Structures are given as C-alpha cells and as structure tokens.
Amino acid sequence: MTAHPHDAPGPDSLDDLFGDAPAPRPSFAGSGRGEAQNGLLKGLNPEQLAAVTLGQEPALILAGAGSGKTRVLTTRIAWLLNQGLATPGGIMAVTFTNKASKEMLTRLSAMLPYNVRGMWIGTFHGLCNRFLRAHWKLAGLPQGFQILDASDTVSAVKRVIKAMNLDEERFVPKQVSWFIAGAKEDGLRPKDIDLRDEQTRKLADIYQAYEDQCKREGVVDFAELMLRAYELLRDNAALREHYQHRFQYLLVDEFQDTNKLQYAWLKMFAPPGRGQGVFAVGDDDQSIYAFRGARVGNMSDFEREYRVHRVVKLEQNYRSYGHILDAANELISRNSHRLGKNLRTDMGPGEPVRVNEAASDFNEAQWLLEEAQALHRQGLARSEIAILYRSNAQSRVIESALFNAGIPYRVYGGLRFFERAEVKHALAYLRLIENANDDTSFLRVVNFPARGIGARTLELLQDAARQSGRSLYQSVAAVPGKGGSNLAAFVNLVESMRNLTQGLTLREIIEQMLATSGLADFYRTDKDGAERLENLDELVNAAEAFVTQEGFGKDAVALPVDELGAAGGFTPGQIAAGDPPAIAAVTLTPDAETGEIVSPLAAFLTHASLEAGDNQAQAGQDAIQLMTVHSAKGLEFDAVFITGLEEGLFPHENSLSDGDGLEEERRLMYVAITRARQRLYLSFSQTRMLHGQTRYNVKSRFLDELPEASLKWLTPRNQGFGSGFAREYQQAWERGSGLKSMVGAGRVERQAPAWQQEREGKDAPSFGGAPVPKTMKQAAAAKVGDEHGGLRVGKPVFHNKFGEGVLLTLEGSGPDARAQVNFGRHGTKWLALAVAKLTPID
DNA sequence: TTCGTGGGTATTTTT
DNA sequence: TACCCACGAA
C-alpha cells in the first residue's frame, strides 16, 4: 500500500532535511521543481486549485461532501513546501480523529520525498499532548503525566463524589464528568463557574475536588489537555510569541466541529491580524456534533474575525451520482442559516434513490439482507455496502437477520481495543510501574486478580490517603491488620514488577508484567478467558508495532530543537529566530536538565490513551458494514442503506425539543445520503420493537423532503400502514418464531409479490420482507383489533389538523369513544371521537 | 467475595 | 427487550 513514512525515499538524516543553516532551505525539488509542480496540481478543478494556492492569508474553505477536501489539504501543504513558502517546521495541521491525521500523513509522505514525522500534524488532543510534553514544567504538570480516557474520567469523578459523601443519585458520575468536560471546553475553571443555584455550586465543588485529585495523581483528562495548552499560551507571552512566529501556516480540518476552546486555542497560535496563513476547512451542512459542544458558529466567527476576503467553495462532488446529490441538496435546502453551498456532479443522474416500506423492523432487516445479497451477487464487494441507522439499538434486528443468514458483517462502534477490560487492566499495571500514585489504576487492579483486598480495606485506605493528602499507594502502611498486609503485598508486587522490568524492551516489560501480575494466569484458568488472553497477546503486538512505528532505538524520531530547549522550562533567548530550528535526533522529548529520554513505556501509555484503537470486528474479511450515521461521517460506499426512517427515530424524538435539533437531524440525514456513490436505499417500517414495546411509526418527514423525481418507491406509497399482516407478523416475531415458523407452517412464501416484480423487473432482487399470500393478508387484516366507524387499530387515519397518523388504541363506546393516534411529528394524541374528525385512509 | 435479583433506563461520540 | 448498577444473601 502506501509507503510508511520511514520508507519514504529521500534524505535519511535530519541534517539533510533542514541543514544547519538558520535560513529556510530552498525547495527540495531542486531543478525538477516545475515538473513536480505540474504533477502536484494536476487534475485539480479551479476551486481546488484556488484553495491550494492561496497565499499567506486567512482562508475559509467550504468543502462539500466528496469534494476532495483531504486532497486539497495535503496538496496545499505539499505546495507550500514545494514553493519554499513554508518549511516543515512552520506548518501545523490539525484534525479531529487519529484516522484523519494518519490519512494526511500517509498521503503527504507519498507526495513528499522526506520524512514527515517531525511535522506538527495531528489531532487537537495529540498536538496538545505534544505541546504539554515539551512544556510540562511551565504547564505545571509532572513530567510523566498520564492521560485519562473517558471511562477513567468517569471513575475518577465517581471517586470524588464518594469521597465528598454526596448522593450519587443527585450527582450522577457520568453527568458530572460531562459537566466538568463542558466547563473546560468553555474555558472555565471551578472558580469561573456561575454559581446560579445550589446544584451548580456543588458541581463546582466537585469540579474543584476533581482537579485537586488529578493533580495529586499526576493525570489529565482529554479536556484538560486542550485547556492546559490554551492557558499556557494565553498566560505566557514569550511562549506564545515563539509559536506564533514559528507557525506561518495553520490548517484545520472539519472546522465545523470545533468547540469554543479549540477555536480559542487556535487563536493563541494564530490570532486574527497576525498575518499567518490560517486555512480553515469545513462544511456547515455536515455539522452533527453540536450535542457535544461543537459550534458551527465558529465558521462564521472565523470569517468575520479574520476578515476572510474570499470564501472558497468546493462544490464539485466526485463521489455520488446525480439523483443522490439532488436528494441531498433538496433536503439540506430546508435548513436555515446555512453558509450556502450546492453540490454538483459530472457523473450523470445514475440510479434513482430506492425507497422501501416494511411491515416490521424484522421485515426491514430481511429486506435489507436480501437486497444486499443481490448487490453482492451483482459483483459488489460486501465492504462496499453500508447499512446505516440513527441509533445503535437498531442494529440488533439487522445483525440477527444477517447472522442467521450467515452473511459476514461488521459493526462499527462498541468497545475498542484499548477499552477492553483485560487490556485496561494490563495498562493499569503498566501505569503503576510508571507512576504508582495513579489512584485510578491502583484501584482498578489492586484486587484483580483477587488478592483478598475487599471494600472495607479499600475504604480504610482511602480514608488514610485523604487525611494525609497522599496517594493510595503511599498510604498503604496506614491500614492495619490483614487487609494492610495484603495491601503491603500488592505494593511489593508493583515494586518487584518495576525492578524486574528495568532496562527491558517494551515487549519484555509487558510480558513480564503479564506474568508477575497474575493476569496471564488468571485468564489462562478462567473458563472463558481465551479471547481475553488473545487480546493480551495483541497488546504485546500493538506495543511492538508502536515501537517500530515511533522509531524507538536506532530509528530516531526528529524533533525541532525548540521542543528540546523548551522542555522543562522555556528560555526565549535559546531559540534562534530563524525557522526551522536545528534538529536533534532524539526519541520523544528528553528532559532538558537531565537529558533523560521519556521511556517507550510512557510513550506507549500515552498512545493507548490518545488512540483507543479499532473496534473488535475483524478487518480483512469482506463484510457488510453496519454503523450509526454519525460514525459513517467521512466514509463512502458504493451502496448505502439508510434504515429506520421514521418519525421519532430519525429525526429522533429527543432532538425535537431543542431549538436547532431538527436542523441537526437534517444535517445528519444529509451526511447519510452523501455517503453513497452509486446506490442509495431508504427504508422505514410500520412497526418497530423498541424498549420492549412495539411502536407504530409514521414515516420520517425527511422522506417528504426529497425530490419526487429522484425517488423510486419499491413498495406502493403509503400502503398498508400498520397492516394486519404487520401485526400478526409482529406477534409471531414476539413469540420468538418469526419468519421461520411462518414459512415452516406454509403460511409465507419466500418470493417477491407480483407488484414487486413488476416494479423492479424480473431480474430484480427478490423482495426480502416475507411476502404475503393474498389470502393470508386478508385473513390477518380481518383479525385486527377493534373497529369503530371504519377506524381500525393499526390503520392509518387522517385528521384535519394533525394530518396523517396511525391509530394505536380504541376505547369506550358511544359519546365516550376515544382514540389514541400517533401523528408522528405532532406526537401521540388522545382524541374524543365524538368531537374529532378522524377518517380512515386506505 | 461472589452471585443473584430487582429497579431504572434506554440518541448520536472523538479524544 | 436488554443492559447496567446497586444491593442483599450465602
């Protein structure tokens, strides 16, 4: 595949790269510059070219889905270097995900003839980490600070709440940690919190206590990485000046996803008016993370504050056919406050967007899999087929359908590698080797495997630690009796682990730890520990890969000298004015005073926190891709199914209450649609099992917001809403028998009904949703619920004010007769039949 | 200390 | 429905 950065051709030594001279090196391309230039810019469309070759000015790039955004970003970096406008040390490029930054590095190393590792390209958090490792002393952090991931943070907060003797009902650890992260992302420290009520006052107290605890334990959470870096730059003029001088060009990916703090952080590196080339790339229509603090408004703020002269719009789409883009454009045009953008394609209209209505969620799943199989038979790789849904709970039916049919599939989301319990246990031991005062890690493994250290003992220990203000590890001696001696034994274990691992390679350290801690033995004897053992083996492999990649040992990673000089304390005078600075070959950041190099173990632990790794699904196998719409962002597939297009689900009911909620849902739908290259399927179901209850749903309003001309209904429109068959089918499904029993009983034939064959042509894939013999359908319909003046439970009705709905319940008789109707976007309502005009729809 | 049970609760999530 | 968590019993 793509060359690894280390394999990239070109200069090996750092001197070759930057030389000793303070002046910027001339272009590496030498005499061949013209040719290289042509190659670089070849094939860019005019807008892309304009974006890539912008000068040193603030720029806002509105990059539509599939418009070649990553290419523009990487080409611009290469172009800047190639032109001699910037040096590798003078460029910073920020992304949100590790995946995106890796992609950028990979592409760059293919475009550039040298090692791009020393460049400041990474995620917001990754770069903050790098920055704080270099300036740990100025930032007031211990040199080997560790990073808490989301679940570590919650358990740390939980400990604080317990220690403060607060009611966990009132202060739910998860919510409190969310509050703290939210505050940090708004740049607020405990003292800055607006104490508007008692609850908030308490929350601020918890926040303070949590901060103290983190400090004591030498750990930082994700939000802290950002905030600490921001504050350090804000409060240290010399340092700020240095970095502003150093980074002449900044590039930010997915700018619409930045939160308040990230934007403020960026402004520290490149404030408006400082003249740096800030290149912000984003798409307001793809902003789907407002719920976790992203501010689309940062885009227009940026445009205003930086006085952006020209907004470059990348509207040429290279991904999808016309009908798909028409659907996307039409849908998103319903949103207000857009920056304005319309995707276009040269690829022709392609196939229409297919819409399917299913009787039940089970039916929908069955249809999905048969349609997907048909696509596969037509030659489409399974990995090119994605099934998207709004919420994770929806995957279950689909999974079981695929599983029963023996079709390989891969579900995104769920536990990732470094989040698995056994891996976290192993990491906790490793962290204790590095820093025994890490109470989170201590508590995680002090009694795992079991060592007779129970809740009571730990309570005593925590009391002692709290009183002396020391870590649990340091307080062990204060616990008397048997518990105390067991604790002492644990401390001895950790000590011996530390001694035994002195001077070993990372791989050996981990192997030693697995043996000494008893983890390996524990899982070996555990009856279902086999898979966990495998994961621990995998951890060893991951460490090995990390060592190779990061270039510990012979292959030193280069860091500019300012990061060296700055380590442990920043002296402005130390740094030459010229950029790039001289380079020293080191691994990570050594301490300026002692020259000690951060251990591979410490680096690996940081890596483990910052990058949770892949989730379980085995790569390699050709499998259908299942994921939420959120996790599909940034991906593309030949065929995409968007499922569960029902009011209440998509748009989700919880989103409708807050102001911008519906628009964000619509953007989500927009993201979903624009994932598809060739074929797009939309589906919804009349009934769905949710939280143990059958829900009768109305189709999503988003279906009505798509252009008729681009749609092709696979099922008759609006037919059979809550049809009798759906109910009977649902009952069979509830009995746990489902399709099989109905087929077995000879009641369902597995073939496409006549109307289906007519619409799709005889070569069309067979209809998956358990086609119904006519007699069966009639029989089922006859059985359905109560009847009242032509109204039937489970049938669609029309109301003058609320429009179309599904009749859920009929109660009472005569003047008391009441009906419960689900009107979708208008909610579920009780109506007095004597008053309300309800007409059955057929 | 472990196991069983009952209650509460159910978008979306990277780092 | 299904999972997680807290709590109580053995």
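It should be emphasised that the depicted structure is a prediction, and the values quoted were computed from it without experimental measurement.

### Describing the confidence of the model for chain A
Of the residues in chain A, 80% reach a pLDDT of 70 or more, and the chain-wide mean stands at 81. Across chain A, element-level confidence peaks in strand β15 (residues 637–642) with a mean pLDDT of 98 and bottoms out in helix α31 (residues 754–760) with 27. Under a pLDDT of 50 for its full length, residues 719–785 has, in the predicted model, 117 contacts with residues more than four places off or in other chains.

### Observations concerning the packing of helix α15 (residues 361–377) against helix α16 (residues 395–404)
It is at 9 Å that the axes of α15 and α16 come closest, and there the two elements cross at 50°. With respect to each other, α15 and α16 are oriented oblique. Seen along the crossing, α15 lies across α16 with a hand that is right-handed. Seen from α15, the contacting residues are D361, F362, A365, Q366, L368 and L369; seen from α16, they are V397, I398, A401 and L402.

### Section: the state of the cysteines
The tally for this structure, following the rule as stated, stands at 0 disulfides. Between C128, a free cysteine, and C214, which holds the nearest cysteine sulfur, the sulfur-to-sulfur gap is 16 Å. The buried category is assigned to C128, whose relative accessible area is 1%. Owing to a relative accessible area of 9%, C214 belongs among the buried residues under this scheme.

### Regarding the protein's contact with DNA strand B
Around DNA strand B sit 28 residues in total, of which N98, R390, N392, R416 and T628 are the nearest. Taking the atoms of DNA strand B that fall within 4 Å of the protein, sugar and phosphate contribute 51% of them. N98 has a polar backbone atom sitting 2.7 Å from a phosphate oxygen of DNA strand B. Residue classes in the surface near DNA strand B are distributed as 8 nonpolar, 16 polar and 4 charged.

### Topic: helix α6 (residues 124–134)
Of all the 11 residues making up α6, 9 are buried; the element is thus mostly covered by neighbouring parts of the structure. Considered for burial, the residues of α6 that qualify are F124, L127, C128, N129, R130, F131, L132, R133 and A134.

### Some thoughts on unusual backbone geometry
Cis geometry is found at the peptide bond from F448 to P449, where omega equals -5°. For P449, the position within the fold is in the loop between α18 (439–445) and α19 (455–468). In the segment running from F650 into P651, the intervening peptide bond is cis, with an omega of 5°. Mapped onto the elements of the fold, P651 is located in the loop between β15 and α27 (661–673). Phi is positive for H691, close to 50°, though the residue is something other than glycine. As for its placement among the helices and strands, H691 is situated in the loop between β16 (676–690) and β17 (693–696). Taking relative accessible area as the criterion, H691 reaches 74% and is therefore assigned exposed.

Basis of the calculations
- Residues numbered from 1 in each chain as written.
- Chains lettered and ligands numbered in written order.
- Predicted model: local features only at pLDDT ≥ 70, side-chain atom pairs only at ≥ 80, totals over all residues.
- Heavy atoms only, no water.
- pLDDT = per-residue confidence, 0-100.
- Helix = DSSP H or I, 4+ residues; strand = E, 2+ residues; numbered from the N terminus.
- Contact = heavy atoms within 4.5 Å.
- Axes fitted to C-alpha atoms, helices over the stretch in contact; angles between N-to-C directions.
- Parallel < 35°, antiparallel > 145°, perpendicular 65-115°, else oblique.
- Left-handed = near helix turned anticlockwise from the far one by under 90°.
- Disulfide = S-S within 2.5 Å.
- Buried < 20%, exposed > 50% of the residue type's maximum accessible area, 1.4 Å probe, protein only.
- Near = heavy atom within 4 Å.
- Polar contact = N/O pair within 3.5 Å; in protein donor to acceptor, adjacent residues only side chain to side chain.
- Nonpolar A, V, L, I, M, F, W, Y, C, P; charged D, E, K, R; others polar.

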